[in-house]
Amino acid sequence: MDTGDITFHTRKWVRPEDLNANGTLFGGSLLRWIDEEAAIYAIVQLGNGHAVTKYMSEINFVSSAQQGDLIEMGLTATAFGRTSLTMRAEVRNMFTRQSILTIEKIVFVNMGTDGLPAAHGYTEITYDRDRVPSEHIRPVVAPEG
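Let me sum up the structure you'll find in this document. Everything numeric here is computed off the predicted structure, so don't read it as measured data.

**As for the overall build of the protein chain**
Within the protein chain one finds one helix and six strands. Taken against the 2.2 N^0.38 rule, which gives 15 Å for 145 residues, the C-alpha radius of gyration of the protein chain at 16 Å falls within 12% of a compact globule. By principal-axis analysis of the C-alpha atoms, the protein chain measures approximately 45 × 35 × 30 Å. Counting only residues that meet the buried cut, the protein chain has 40% of its 145 residues in that class. A separation of at least 24 residues holds for 70% of the contacts in the protein chain among residues at least 6 apart in sequence. Accessible surface for the protein chain amounts to roughly 8500 Å². Of this, 50% is attributable to carbon and sulfur atoms.

So this is what it looks like as structure tokens:
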């Protein structure tokens, strides 16, 4: 993966509770961290706290991390749809700079107050905090039916 356009912002410390039976980083923990980071990235890019994960493409684990390693996660937007944002992700070991995982396509959908997909109106990545919601994110009640 070309990481030239990915900015690595989030870092995690691999702790004992993050390990699998082999003593390496549990994939489920890593995917939870990526989904959370991708949600935050979508919120910042779409200016809406109600964005949800729609799709993740093939997840390619290329190496692992061990207890005590520091890892960093990077995301970049690759496409804006009418109601969606597509991004790609890479996770790497901060010590070795070796790639741990890549996901070529993660899609988030912008949701309206009615709990349905809603147009967001953006076509470009923002590097400022101008789209960060100005209030706490509150739960949306799903439509009945």
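**What about the pattern of salt bridges?**
Counting across every chain of the model gives four salt bridges. When the shortest N-O distance is used, the salt bridge between Glu72 and Arg11 registers 3.8 Å. Here Glu72 is found in strand β4 (residues 70-80), whereas its partner Arg11 is found in strand β1 (residues 7-13), with 61 residues between them in sequence. Residue Glu72 is classed as buried on the basis of its relative accessible area, which comes to 3%.

**Describing the pairing of β4**
Pairing geometry for β4 and strand β5 (residues 84-93), over nine bridges, is antiparallel. Note that in β5 the partner of Met73 across the bridge is Val91. If you look at the hairpin formed by β4 and β5, you'll find three residues sitting between the two strands.

**Concerning the nonpolar core**
Ranked by size, the top nonpolar core spans 24 residues in total, and within it Leu30, Ile34, Ile71, Met87, Val91 and Ile106 carry the most contacts. Looking at this core, the elements with two or more residues in it are α1 (27-46), β4, β5 and β6 (99-110). Here this core gets seven residues from one element, more than from any other, and that element is α1.

**Here we look at the pairing of β5**
Counting buried positions along β5 yields ten of ten residues, so the element is predominantly enclosed. Covered by surrounding structure in β5 are Ser84, Thr86, Arg88, Glu90 and Arg92 together with Leu85, Met87, Ala89, Val91 and Asn93, the residues of both alternating faces. Two strands pair when backbone bridges link them, and β5 and β6 are joined in this way by eight bridges, in the antiparallel orientation. Within β6, the position partnered with Arg92 by the bridge is Ser99.

Each value, and the rule that gives it
Residues numbered from 1 in each chain as written. Predicted model: local features only at pLDDT ≥ 70, side-chain atom pairs only at ≥ 80, totals over all residues. Heavy atoms only, no water. Helix = DSSP H or I, 4+ residues; strand = E, 2+ residues; numbered from the N terminus. Rg over C-alpha atoms; globule rule 2.2 N^0.38 Å. Buried < 20%, exposed > 50% of the residue type's maximum accessible area, 1.4 Å probe, protein only. Contact = heavy atoms within 4.5 Å. Areas by Shrake-Rupley, 256 points an atom, 1.4 Å probe, with all protein chains shown as cover. Salt bridge = Lys/Arg side-chain N within 4 Å of Asp/Glu carboxyl O. Pairing = 2+ DSSP bridges. Core = buried A, V, L, I, M, F, W, Y, C linked by side-chain atoms within 4.5 Å.

As far as function goes, none of this settles anything; it's purely spatial.
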